[in-house]
Protein chains: 2
Amino acid sequence: MNTAKHTVSAFDEELDALRDMILEMGSRASSATTDAIKALNKRDSEKARAIVAADRDIDALHHRAETAAVNIIALRAPMADDLRVVVAAIKMSALLERTADYAKNIARRVERITIEFPDKTWDILSEMSSEAGAMLTDVVRAYAEGNAAAAETVVERDDIVDDLHDRLTAKLLKHMIKHPDSISQAAHLMFIGKHIERIGDQATNIAEMVAYAETGEQPDTRDTDRESLAA
Amino acid sequence: MNTAKHTVSAFDEELDALRDMILEMGSRASSATTDAIKALNKRDSEKARAIVAADRDIDALHHRAETAAVNIIALRAPMADDLRVVVAAIKMSALLERTADYAKNIARRVERITIEFPDKTWDILSEMSSEAGAMLTDVVRAYAEGNAAAAETVVERDDIVDDLHDRLTAKLLKHMIKHPDSISQAAHLMFIGKHIERIGDQATNIAEMVAYAETGEQPDTRDTDRESLAA
């Protein structure tokens, strides 16, 4: 084995390890999203607290991934394509850490909710979290496979989450007007909906990173912040 | 002039240019924050639309800064301290771009608000936006000066914004209960408050980046997502 080959091989191993950390973060963020909504459904405060606690592990993974990426750049001085992959990993790690924070914020609100879910809002929340969780799973798979086309389909699915979010908000506002006594509870549900909508946005941002890592073209940042609030 | 000196000097110029782009983004994000709240106060839809439109310039700056940073890494292969500064610039650029999005989201809601500001909520919103805008200005100055201690004071000030946000939310919930006819309007104001609170969070995250760039120590990520909702 010559030295050059040995060096390349160690480099590949480091890139693989970095990718594994990103995959692990994606998997955990996706589970935290769907688990938080399950905990909400069952008013399971214990499970909710476990999700909040587990966010520290995701934060630790984020720091490890970032340190690993910076070390790769410093020690290997990767050029062109490889550099782009490492820079994308730094950004994806930050996005996934933030995504997991939204799931944590949902979990934190679980014990505040004591009312029944108003008019079909549970169905909508459940569908939103399934879709957002699946978008996360799919986008990290697209990243692992270097599949820019698969990432693109994730971007398109953000509209589904946004539409569900609009329906949820409209129903909750109607409920608030009819039941002023449960306004603060409904406001919690509204913020939970907003958190899931933001998780879908983050999956979209990650999908754009994947495209960047693969193609080297800066994406036209999609305008994920649709702020309609049915009135 | 020898070649080595020429190279170092060009490298310094590139770092300066990168820093200037970050400063420009910070200045624009800060102005967008305070201007959006001024537009809200005067129900100035035209000004609000101008803020939304100007966000494209911040997005463009973000892409330019990121491309410049990646090029510096690729062409100059900076080591240790310099690499940390460039990596921090990539992350700060992403954070400032997101911060400006929150200001844009505030501006977008301006034309939805037709009610008078309920009970002192204007004073609170105004104070929140001044504080969050000043945090942004101060944190980019701390970045430009490489002043980790100044960045640390910004982290501490996030509590001021969070406390104001709690007061705002409590007042808006009370208003909703008393005036069910203006619930959706009050919900808009609640989301505007949330956006400003998130701008303070981003300034805090940026302050942690500044500390990282200066000291090389990964910050204990502060838990900025205080999610209390006065009930």
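Please read all numbers here as calculations on a predicted model, not as lab measurements.

J.: Would you take a moment to explain the overall build of chain A for this structure?
T.: In terms of helices and strands, chain A carries 6 helices and 0 strands. Dimensions of chain A, computed from the C-alpha atoms along their principal axes, are close to 75 × 35 × 20 Å. Across the 231 residues in chain A, those meeting the buried criterion constitute 56%. Partitioning the contacts of chain A with sequence separation of at least 6, the portion at a separation of at least 24 is 84%. With the model as given, the accessible surface of chain A reaches about 9,500 Å², and the carbon-plus-sulfur share is 49%.

J.: How should the pattern of salt bridges be read in this particular structure?
T.: Any two side chains of opposite charge can pair, so long as their charged atoms come close to each other. Residue and element names in this part refer to chain A. With the rule as written, the count across this model stands at 30 salt bridges over all chains. In this structure, Asp57 and Arg28 form a salt bridge, with 3.8 Å as the shortest nitrogen-oxygen distance. On the criterion of sequence distance, the pair formed by Asp57 in helix α2 (residues 45-76) and Arg28 in helix α1 (residues 3-41) is long-range, its members being 29 residues apart. Ionic pairing is found between Asp35 and Lys38, a salt bridge with its closest N-O pair at 4.0 Å. Here Lys38 and Asp35 lie together in helix α1, a separation of 3 residues that amounts to about one turn.

J.: What should I look at first to understand helix α3 (residues 80-109) of chain A in this one?
T.: Its 30 residues give α3(A) an end-to-end C-alpha distance of 44 Å, which sits within 8% of 44 Å, the value for a rise of 1.5 Å per residue. Most of α3(A) is tucked away, with 25 of its 30 residues classed as buried.

J.: Would you explain the environment of Asp163(B) in this entry?
T.: Residue and element names in this part refer to chain B. Relative to the assigned elements, Asp163 resides in helix α5 (residues 148-178). For Asp163, a relative accessible area of 42% corresponds to the partly exposed category. In sequence terms Asp163 and Gly200 are 37 residues apart; their C-alpha atoms lie 12 Å from each other.

J.: Even after reading the chapter, I still don't get the packing of helix α4 (residues 121-145) of chain B against helix α6 (residues 183-215) of chain B, so can you show me in this structure?
T.: Residue and element names in this part refer to chain B. Between α4 and α6, the least distance of the axes is 9 Å, while the angle of their chain directions is 20°. The orientation of α4 with respect to α6, classified from their angle, is roughly parallel. Considering the relative orientation of α4 and α6, their crossing is left-handed. Residues Leu125, Met128, Ser129, Ala132, Met135, Leu136, Val139, Ala142 and Tyr143 of α4 touch α6, and the partners they reach there are Leu189, Ile192, Gly193, Ile196, Glu197, Ile199, Gly200, Ala203, Thr204, Ile206, Ala207 and Val210. Classifying every residue of the contact of α4 with α6 gives 16 nonpolar, 4 polar and 1 charged.

J.: Got a minute to help me understand the packing of aromatic side chains in this structure?
T.: What describes a pair of aromatic rings is the distance from one ring centre to the other and the angle between the planes of the rings. Under the criterion given, the structure shown has 3 aromatic pairs over all chains. An angle of 55° between the planes, with centres 5.2 Å apart, marks the rings of Phe191(A) and Phe191(B) as tilted. Here Phe191(A) is found in helix α6 (residues 183-215), whereas its partner Phe191(B) is found in helix α6 on a different chain. The same class applies to Phe191(A) as to Phe191(B), namely buried. Taken together, a centroid distance of 5.1 Å and an interplanar angle of 35° make the contact between Phe117(B) and Trp122(B) tilted. The side chain of Arg43(A) reaches across the aromatic face of Phe117(A), ending 4.5 Å from its centre.

What counts, and at which threshold
- Residues numbered from 1 in each chain as written.
- Chains lettered and ligands numbered in written order.
- Predicted model: local features only at pLDDT ≥ 70, side-chain atom pairs only at ≥ 80, totals over all residues.
- Heavy atoms only, no water.
- Helix = DSSP H or I, 4+ residues; strand = E, 2+ residues; numbered from the N terminus.
- Buried < 20%, exposed > 50% of the residue type's maximum accessible area, 1.4 Å probe, protein only.
- Contact = heavy atoms within 4.5 Å.
- Areas by Shrake-Rupley, 256 points an atom, 1.4 Å probe, with all protein chains shown as cover.
- Salt bridge = Lys/Arg side-chain N within 4 Å of Asp/Glu carboxyl O.
- Expected span 1.5 Å × (residues − 1).
- Axes fitted to C-alpha atoms, helices over the stretch in contact; angles between N-to-C directions.
- Parallel < 35°, antiparallel > 145°, perpendicular 65-115°, else oblique.
- Left-handed = near helix turned anticlockwise from the far one by under 90°.
- Nonpolar A, V, L, I, M, F, W, Y, C, P; charged D, E, K, R; others polar.
- Phe/Tyr/Trp six-rings, centres within 6.5 Å; stacked < 30°, edge-to-face > 60°.
- Lys NZ or Arg CZ within 6 Å of the ring centre and 35° of its normal.

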